[in-house]
Amino acid sequence: MEPTRSTITSFLPTHIAFRAAIPSGSSKNVPDIIAIAVRLGLYLDLMLLFGLPMFGLYTLRGTERASGSVLRFRSVLATIALAGIGLSILGMMVLASSMAGVPLDQVDRATVNLLISGTAIGTVWQVRVAALLLVLYFSIVGWRRPAFALWSLSVTAAVALATLAWTGHGAADEGLRGWIHLGADITHLWSAGIWVGALFALCLLIFRPAARMAIDHIHLSHRALDGFAKVGSAVVALLILSGFVNSWILIGPSRLGSLLTSLYGLLLAGKLILFGVMLMLAATNRFFLTPSLAAAIETGNTSSAIGSLRRSLAIETGCAIAILALVAWLGLLAPPASGM
């Protein structure tokens, strides 16, 4: 029997797309690992798409913002936008597969069309794809005015990234509580996107071959590190504040004592530990490694300082990816406050 609009509506009662899409008895059709991988891919893709042009705005100046001058914004962002569209399509197919109870390769067009046109998550999906198409457009044709291109890319990518708030726990609440939860989720996504995008951009700058690490480029890399250090303080504050709001809603103070007795609590604890490691690495970069690079520039011997920064950035980036993987998994689990 083909699914109808009413069965779709009843199948998605809480708007939590991926969680609702994978009930406990349907894992044989779409394993959780596929949904986790798609969610991880979307988190990473959309955060890079937002964070990279933002990095260009707050660290680069004048002609440095032109694509290819320092960073290849045009090709990198166009590729990421295309990947985001592909991941969004795959995510919708995973949802349709679980809803219809069929393997992923047997999903029919009618089910997908009903999901897109007949549900709230379908409307959000359309907004995301439209935003990604705009990102693709600006990434290709907008570089006659680099500052305008970066602002346009940042705004449209911010819209695309914000849509992820409707595919998680943030869309499960209603009324004022629901809007507060959504606002905290979106703030969390944007703040994380700035951090993830900066890490990727800094890695592109610092991990260049030695032959391309001219003194001017090292000066620029130091300025970029110092610029992000200042922005990073605000990012960390917003992450902590929005994370506190989310935890209060999803867990509640009365359940903290039993938090580690559930898989949700263990994954959340792992996320917080990794976040603490990232904070320590970021502080080390800001107060020790970046000043060390400045001193090394003065002496002309920068290889050791750059090597230390490379190791720190690599570990920090690995922690960020691991956190996103945990967040992707957490989005498939019922939080303690749900009572499930």
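Just so you know, these numbers come straight off a predicted model, no measurement behind them.

About the criteria used
- Residues numbered from 1 in each chain as written.
- Predicted model: local features only at pLDDT ≥ 70, side-chain atom pairs only at ≥ 80, totals over all residues.
- Heavy atoms only, no water.
- Helix = DSSP H or I, 4+ residues; strand = E, 2+ residues; numbered from the N terminus.
- Buried < 20%, exposed > 50% of the residue type's maximum accessible area, 1.4 Å probe, protein only.
- Contact = heavy atoms within 4.5 Å.
- Areas by Shrake-Rupley, 256 points an atom, 1.4 Å probe, with all protein chains shown as cover.
- Patch = residues over 30% accessible without salt bridge, like charges linked within 9 Å, V, L, I, M, F, W, Y side chains within 5 Å.
- Salt bridge = Lys/Arg side-chain N within 4 Å of Asp/Glu carboxyl O.
- 1 Å grid on protein atoms, 1.4 Å probe; cavity = no way out; pocket = protein on both sides within 12 Å on 5 of 7 lines; lining within 4 Å.
- Points joined across faces, edges and corners; volume = space filled by probe spheres on them.
- Nonpolar A, V, L, I, M, F, W, Y, C, P; charged D, E, K, R; others polar.
- Axes fitted to C-alpha atoms, helices over the stretch in contact; angles between N-to-C directions.
- Parallel < 35°, antiparallel > 145°, perpendicular 65-115°, else oblique.
- Polar contact = N/O pair within 3.5 Å; in protein donor to acceptor, adjacent residues only side chain to side chain.
- Phe/Tyr/Trp six-rings, centres within 6.5 Å; stacked < 30°, edge-to-face > 60°.
- Lys NZ or Arg CZ within 6 Å of the ring centre and 35° of its normal.
- Left-handed = near helix turned anticlockwise from the far one by under 90°.
- Lys, Arg positive; Asp, Glu negative; His and termini not counted.

Trainee: When you look at the overall build of the chain in this model, what are you seeing that I'm missing?
Mentor: When helices and strands are tallied, the chain shows 11 helices and 0 strands. Each helix and strand of the chain, ordered N terminal to C terminal, gives the series α-α-α-α-α-α-α-α-α-α-α. Taken over 340 residues, the chain has a buried fraction of 51%. Restricting to contacts in the chain with at least 6 residues of sequence separation, those with at least 24 account for 77%. Total accessible area on the chain is roughly 15600 Å²; 68% of this is exposed by carbon and sulfur atoms.

Trainee: Quick question: what am I supposed to make of a nonpolar patch on the surface here?
Mentor: Taken together, the side chains of Tyr137, Ile140 and Val141 make up a nonpolar region of the molecular surface, amounting to roughly 290 Å² of accessible area. With respect to the element layout, Tyr137 can be found in helix 6 (residues 120-141).

Trainee: Explain the layout of surface pockets to me, please; I cannot follow it from the model alone.
Mentor: A water-sized probe rolled over the atoms picks out the places where empty space is left. Roughly 970 Å³ of internal volume is contained in the largest pocket. Surrounding the largest pocket, 40 residues form its lining, His188, Gly243, Asn246, Leu268 and Lys271 being those nearest its centre. Elements represented by at least two residues in the lining of the largest pocket include exactly helix 3 (32-59), helix 8 (175-206), helix 9 (215-250), helix 10 (263-299) and helix 11 (303-330). Ranked by residue count, the leading element in the lining of the largest pocket is helix 9, at 8 residues. Its residues assigned to classes, the lining of the largest pocket comprises 27 nonpolar, 10 polar and 3 charged.

Trainee: What should I look at first to understand the packing of helix 3 against helix 9 in this one?
Mentor: When two helices pack together, their arrangement is given by the angle between the helix axes and the distance between those axes. In the contact formed by helix 3 and helix 9, the axes pass within 10 Å of each other and the chain directions differ by 105°. One way to sum up the angle between helix 3 and helix 9 is to call them roughly perpendicular. The residues of helix 9 that touch helix 3, namely those facing Phe55, Tyr58 and Thr59, are Arg223, Ala224, Phe228 and Val231.

Trainee: What is the right way to look at helix 5 (residues 109-118) in this model?
Mentor: Thr111, Val112, Leu114, Leu115 and Ile116 are the residues of helix 5 that are buried. Capping of helix 5 at its N-terminal end is provided by Asp108; its side-chain oxygen lies 3.1 Å from the backbone amide nitrogen of Ala110.

Trainee: Teacher, can you tell me more about the environment of Ala158 here?
Mentor: Within the secondary structure, Ala158 sits in helix 7 (residues 146-162). Given a relative accessible area of 10%, Ala158 falls into the buried group. Placed 104 residues apart in sequence, Ala158 and Met54 show a C-alpha to C-alpha distance of 9.9 Å. Leave out the neighbours within four places in its chain, and Ala158 touches Phe50 and Trp190.

Trainee: Even after reading the chapter, I still don't get the packing of aromatic side chains, so can you show me in this structure?
Mentor: Applying the stated criterion across every chain yields a total of 6 aromatic pairs. Considering the side-chain rings of Phe73 and Trp143, the 5.7 Å spacing of their centres and the 15° angle between planes classify their relative orientation as stacked. One end of the pair, Phe73, is in helix 4 (residues 73-100); the other, Trp143, is in the loop between helix 6 and helix 7, and 70 residues separate them in sequence. Accessibility expressed as a relative area gives 3% for Phe73, which makes it buried. Note on Trp143: relative accessible area 10%, which makes it buried. Taken together, a centroid distance of 6.0 Å and an interplanar angle of 45° make the contact between Phe244 and Trp248 tilted. A residue pair is termed a helical-turn pair when its members lie 3 or 4 positions apart in one helix, as Phe244 and Trp248 do in helix 9 at 4 residues. On the basis of relative accessible area, Phe244 is assigned to the exposed category, the value being 53%. Positioned above the aromatic ring of Phe207 is the side chain of Arg310, whose terminal nitrogen or guanidinium carbon lies 5.7 Å from the ring centre.

Trainee: What is the right way to read the packing of helix 8 against helix 10 from this model?
Mentor: One way to put it is that helix 8 packs onto helix 10 with a least axis distance of 14 Å and a crossing angle of 50°. The angle between helix 8 and helix 10 places the two elements in the oblique class. Along this stretch, helix 8 crosses helix 10, giving a crossing that reads as left-handed. Only Lys271, Phe275, Met278, Leu279 and Ala282 of helix 10 make contact with helix 8, whose side of the interface consists of His188, Trp195 and Leu199. Considering only residue class, the contact of helix 8 with helix 10 consists of 6 nonpolar, 1 polar and 1 charged.

Trainee: Where do I start with the side chain of Arg128 in this structure?
Mentor: By the secondary structure assignment, Arg128 is in helix 6. No salt bridge is formed by the buried Arg128; its nearest oppositely charged neighbour, Asp45, is found at 8.7 Å. Among the polar contacts listed, one links the side chain of Arg128 to the side chain of Thr163, at a separation of 3.0 Å. Non-local contacts of Arg128, meaning those with residues more than four positions away in its chain, are made with Leu42, Leu46, Ser88, Ala160, Thr163, Leu164 and Thr167.

Trainee: Quick question: what am I supposed to make of the side chain of Ser312 here?
Mentor: Along the chain, Ser312 falls in helix 11. At 2.7 Å, the side chain of Ser312 forms a polar contact with the side chain of Asn285. For Ser312, the contacting residues outside a window of four places in its chain are Leu281, Asn285 and Leu289.

Trainee: Explain the pattern of salt bridges to me, please; I cannot follow it from the model alone.
Mentor: Between side chains of opposite charge, pairing is possible as soon as their charged atoms come close. Per the counting criterion, the structure on display carries 2 salt bridges. One salt bridge connects Arg223 with Glu64, and the closest N-O pair in it is separated by 2.6 Å. With a gap of 159 residues between them, Arg223 in helix 9 and Glu64 in the loop between helix 3 and helix 4 connect regions that are remote in the sequence. For Arg223, a relative accessible area of 21% puts it in the partly exposed group.

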